Amino acid sequence: MTLQTCNLHHAFLPHLLLPVLLLLLHAWQGWGHPQCLDYKPPFEPRQPLVFCKEYSKFGCCDLEKDEEISVKFHTIMENFDHSGYMSCGRYIRSILCQECSPYAAHLYDAEDANTPMRMLPGLCGDYCYNYWHQCRYTLSLLLEDLGSPQQFANLTATIEDDRRRFCDFLELKDKQYCYPNVLTNAELNANLGFVREDPKGCLELCLQEVANGLRNPVAMIHADDGTHRFFVAEQLGYVWVYLANGSRIDRPFLNLTRAVLTSPWAGDERGFLCIALHPRWNTVRKAYVYYSVSVKKEERIRISEFTLSTHDDNQLDHSSERTILEVVEPASNHNGGQLLFGHDEYLYIFIGDGGRAGDPFGKFGNSQNKSTLLGKVLRIDVNNNDDGTPYSIPSDNPFLAEKEALPEVYAYGVRNMWRCSIDRGDPATGRGRGRMLCGDVGQNKYEEVDLIVKGGNYGWRAKEGFSCYDRKLCQNSSLDDILPIFAYPHKLGKSVTGGYIYRGCQMPNLNGLYIFGDFMSGRLMSLKENFTTGEWQYNEICMGRDQTCRFPKLINSYYKYIISFAEDEAGELYFLATGAPSATARAGVIYKIVDPSRRAPPGKCSIKPSHVKIKGKLIHFHPREEFVINKKPTTTPVPTTTTRKSTTTTKTPPRRKSPIVIIKPPMPTRKTTRKVPLPPPTTATTRKTTLQTTRKTTRKTPPLPSATTTTRKTTLQTRKTMRKTPPPTTTTPTIKATTLKTTSETTLKPTTVPTTVQTAMATTPATTTPTGYHTTIMTSAVSRIAQTPIITTPPTSRHGRPLQYQPRLTPQPLTSPQPPAPPSTTSLKQPQTALTSARYPKRPGALTTPRPPYWSQNPTASAYKPQRPPMNTTLPKSQHERLWLGEKLESTREGNQVYKRPRARGRGYKRRRRLRVGTVRLVSADGLSDRGRVEIFIRGEWGTVCDDLFTTKAGTVVCRQLGFKMALAVMKRAALGEADSSVRILLDDVECEGGERSLLECKRARVGKHNCSHGEDVGVICG
């Protein structure tokens, strides 16, 4: 509510105040979760807090924010005497420190970025009563820095002496999450700050989509060169470079599609399988690749070396390929496919057992035969090989002394190891550094995870997991095999995908957690080492439910087929999955693993990527979905590559909910005229109010004509027909204060509008005796108000978000000059609006206010503009009464309508211009131009848009079409009006990036295709 609303409606404040405050400030009911006002998880500050000490271990404030709150507290307390300080200091401190609470987002209703925030944290009923009883008059002091003092003076004065209204303003009805109950709830705070678990012990994590549209992405690596680029390999033979901002370079880093042997068959294990960069990439510009190839109709595994191009840092020299090693494959499966550089700078190669079932080659199989490279872990030295053989053998390889063993063998007895990693070690202690963990795909019963050591025998084909597979070999006492650290049966999954131990910075809860998955079941899993026993504890990973993942850009679903895991240069973890396991299907997505329970303190994990010289174009990343809103988590979506919309969630039939309605209260009956001079004080029965408004605009409005003025219309159809609006400017000029002369037509007694707390208090006498500090507070507040010019400014935003929705301060529609109408005797419940304008008289020098730059001292009338029919902004009595009660009108087509002339072909008839396809309009029941239900013009008719996937970016596209700067909020579930059954639903699943010119340019379903009802009509509030 802005200042002009306060002044014009002062007589209505007792009636309007409570509904407005409830609509704007009450938190919607829901299951809260730890979250800060910047929409991120809480953290442990790097330095202990001094003022809000209770949140030093875990909360939402660092030392800088803590000092800011301390300064604010002491500024407020300067208004108190000693007794007031002792009585109210603890209340003021507790309320201010709730910005540091780990539940700050819930207390301030900031969990949904599309809804307005509360001005103050939500209090519990008993605590609010005690606060009101002892310190009720401090409310204005807490609010005054959120806007101008005048903005809240009348509001707070009206409710400070009414306990019910006072606590309706401050109370949070959710008794579990209101303050201070949220701190004492043992169930909520039992595992606060730790990874959230569901009742079955499943760790609830979230995901962030970082790349999509890939064809079976099999590997993702980084160069460790400070650029924070990552390189993604596709099974077809392409390798792409992604920059730290998520953009992809359009030229491939490597293209081996002509040489790679693969097929579009689902599940084909052949193809381009891995890539590794030399650990000293800055000086040794070499890359090593692992792929399938056919040589004279013989299938082989080829390990090749490439050097970086001399003229492009993001492309390999394709002519520099040098074959390091080739291994003949007896079958098309079990190709292995992992390359790794260890901390010793040797290259490790993981090769499968040759294929078929049960390793049937030879007496003991390939894996137990050290004279073949199949079924082995190899280690070779590729350093200093420019002038000699492609590689050499490290001097400490374990089987150099065995006569029949190949010198490259580092470990044996593996079946088909798929995805291995090397532990970076604990960031603080370095424990675990250099360990190598692999997932080894099983045969019929078990999948296993192994810790690779030099010279180890991992049991295949004698054993599968912990059980015997070949009983004769299994009973051989000379087997001496190393058991896996973990094995799971095929009821959990049938094809393990090895992962990584998390050693990143952003999610401290995950440190030391080995995260891996299963390709067939889509299950995400984790292991945590017990350093005392040496055992590894298993926990399944599931997607966060309820509001666990309700953070910007986070999702809680993924494609089922988990192909690989990866870590970036900073140590953050990712996995690569697809919805269709075919080398040619563009269904691959890369997901970043995110813990929503705790983050690192701000500034600790900041990185500055080194500059990368780019040749070619950048393809910017566009995620398929950004927010988790009313969607059920799933890990096994239906695979598809043909539909436009994301298949990671299943849409449920829409449920009719009572909408959250946020409406501007109806304006009283008045005539609005624009005049230059400041009007004199009100006399007789007409009340005139001078309003000074300061606002910013992104449009240049043409100068007003001198002879006549034209009616401004809110619909895009009339706007395009009658005049052309100049395009938005690139800068934001500040329009100086303007003076609007507003004449109320209601029958009121001669009075002057009160604007101070003192006057408001006089109109609402206290029911109890004021406490000793009341005089001090009121004197301080009145003195500050008296020293401050009476201007309205939008409330300051908190963390980049408006505190509440302000009505758009647009000039009122004008018509040709008319004689002033006599005062009306209509009742307060039946407001009517007559919009007129008059010539500007000369301004007295003493009462001069600056004009905005678009006003002209001597306006010209060179450009003729046809007069426009007036906008219908008058609502019948019954409609206004329903709006006052916050109810929705049954017919939402009664507002924002333009008077249409009857169709006629008589003299002077002009053919109207046809509407452009994609034109939008806002249909509002209360006649407001800056908000309403979104309707779009397609195929000769107006229709509605469903709210599924519709975000503020899509709302911004709509608002910019209508000449506004941005969308302040997107209102779902028909909160701004529901269309009747005669209006078609034209668009559904609209996903925009914010830069499109029309909703038709966004990702969406086909026109007319939807699975929603008018109960899901979307609306927007523009500003």
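Trainee: Got a minute to help me understand the overall build of the chain in this structure?
Mentor: Counting its secondary structure elements, the chain contains 17 helices and 40 strands. Counting all 1023 residues of the chain, 57% fall into the buried class. Across the chain, every contact between residues at least 6 apart in sequence was considered, and the portion connecting residues at least 24 apart equals 70%.

Trainee: I'm lost on the environment of Asn530 in this one. Help?
Mentor: Its place among the elements puts Asn530 in the loop between strand 23 (524-529) and strand 24 (536-543). Overall, Asn530 belongs to the partly exposed group, its relative accessible area being 36%. A polar contact is formed between the side chain of Asn530 and the backbone nitrogen of Thr533, at a distance of 3.3 Å.

Trainee: How should the pairing of strand 23 be read in this particular structure?
Mentor: Side chains on a regular strand alternate between the two faces of the sheet. Across the six residues of strand 23, five count as buried, placing the element largely inside the fold. Between strand 22 (residues 513-518) and the antiparallel strand that follows it, strand 23, lie five residues; Gly522 among them carries a positive phi value of about 75 degrees. Bridge analysis of strand 23 against strand 24 gives six bridges, and the strand direction is antiparallel. Counterpart to Met525 in the pairing with strand 24 is Glu540.

Trainee: Sorry if this is basic, but what is going on with the sheet that holds strand 16 (residues 436-440) here?
Mentor: Two orientations exist for strands paired in a sheet by backbone hydrogen bonds: parallel and antiparallel. A sheet is described by the order of its strands in space; here four strands give the open sequence 15-16-17-20, paired in antiparallel fashion. The sheet is open, and its two borders are formed by strand 15 (417-422) and strand 20 (486-489), each paired with just one other strand. The mean inter-strand angle of the sheet, taken between neighbouring strand axes irrespective of direction, is 15 degrees. As paired strands, strand 17 (residues 446-452) and strand 20 are joined by four bridges and run antiparallel to one another.

Trainee: Explanation requested: the packing of helix 6 (residues 125-135) against helix 9 (residues 163-170) in the structure shown.
Mentor: Helix-helix packing: each pair is described by the crossing angle between the helix axes and the interaxial distance. Look at helix 6 against helix 9: their axes get within 10 Å of each other, and the N-to-C directions meet at 125 degrees. Our classification of the angle between helix 6 and helix 9 gives oblique. Between helix 6 and helix 9 lies a crossing of right-handed hand. Side by side, helix 6 and helix 9 meet where Cys128, Tyr129, Tyr131 and Trp132 of the first sit next to Arg163, Phe166, Cys167 and Leu170 of the second. Of the residues contributing to the contact of helix 6 with helix 9, the split by class is seven nonpolar, no polar and one charged.

Trainee: Can you walk me through the packing of aromatic side chains in this structure?
Mentor: Geometry of an aromatic ring pair is reported as the spacing of the ring centres plus the angle between the planes. Enumeration over the complete set of coordinates arrives at 28 aromatic pairs. Between Tyr129 and Trp132, the aromatic rings sit 6.4 Å apart at their centres with planes inclined by 35 degrees, giving tilted as the arrangement. On the criterion of helical spacing, the pair formed by Tyr129 and Trp132 is a turn pair, its members being three residues apart in helix 6. We classify Tyr129 as partly exposed; its relative accessible area is 37%. By relative accessible area, which is 7% here, Trp132 ends up buried. Taking the centre distance of 5.2 Å and the plane angle of 5 degrees together, the rings of Phe230 and Tyr242 count as stacked. Of this pair, Phe230 sits in strand 3 (residues 230-234) while Tyr242 sits in strand 4 (residues 238-242); the two residues are twelve residues apart in sequence, bridging distant segments of the chain.

Trainee: Sorry if this is basic, but what is going on with unusual backbone geometry here?
Mentor: Most peptide bonds adopt trans geometry, and most residues besides glycine take a negative phi value. The omega torsion across Tyr179 and Pro180 is 10 degrees, close enough to zero to call that bond cis. Relative to the helices and strands, Pro180 is located in the loop between helix 9 and helix 10 (181-184). Looking along the chain, the bond that leaves Trp460 and enters Arg461 is cis, with omega of 10 degrees. Positive phi values are uncommon outside glycine, yet Arg939 reaches one of about 55 degrees. Examined against the element boundaries, Arg939 turns out to sit in the loop between strand 36 (931-938) and strand 37 (941-945).

Reading the values: rules and limits
- All chains use their own residue numbering, which begins from 1 and follows the written sequence.
- For this predicted model, a pLDDT threshold of at least 70 governs which residues receive local features, and a threshold of 80 or more governs which side-chain atom pairs are given and counted, while totals over whole chains, interfaces and linings are taken from all residues.
- Heavy atoms throughout the structure, all of them, feed into the side-chain values; hydrogens and water do not.
- The helix and strand labels rest on DSSP assignments: H or I over at least four residues marks a helix, E over at least two residues marks a strand, and numbering proceeds from the N terminus.
- Here's how the labels work: a residue is buried when its accessible area is under 20% of the maximum for its type, exposed when over 50%, partly exposed in between, all with a 1.4 Å probe on protein chains only.
- Whether two residues touch is decided by their heavy atoms; if any such pair falls within 4.5 Å, the residues are in contact.
- Any N or O atom pair separated by 3.5 Å or less is treated as a polar contact, with the protein-specific requirement of one donor-capable and one acceptor-capable atom, and with residues adjacent in sequence counted only for side-chain atom pairs.
- By the convention used here, strands pair only if DSSP detects at least 2 bridges between them.
- Axis lines are fitted to C-alpha atoms, over the contacting stretch for helices. Their N-to-C directions set the angle, which ranges from 0 to 180 degrees.
- Roughly parallel covers angles under 35 degrees, roughly antiparallel covers those over 145, roughly perpendicular covers 65 to 115, and oblique covers all other angles.
- Note on convention: near helix rotated counterclockwise from far helix by under a right angle means a left-handed crossing. Clockwise means right-handed.
- For this classification, Asp, Glu, Lys and Arg are treated as charged, while Ala, Val, Leu, Ile, Met, Phe, Trp, Tyr, Cys and Pro are nonpolar and the rest, including Gly, are polar.
- Whether two aromatic rings pair depends on their centres lying within 6.5 Å, for rings of Phe, Tyr and Trp, where Trp uses its six-membered ring; planes under 30 degrees apart make the pair stacked, over 60 edge-to-face, and the rest tilted.

By themselves these figures say nothing about function.
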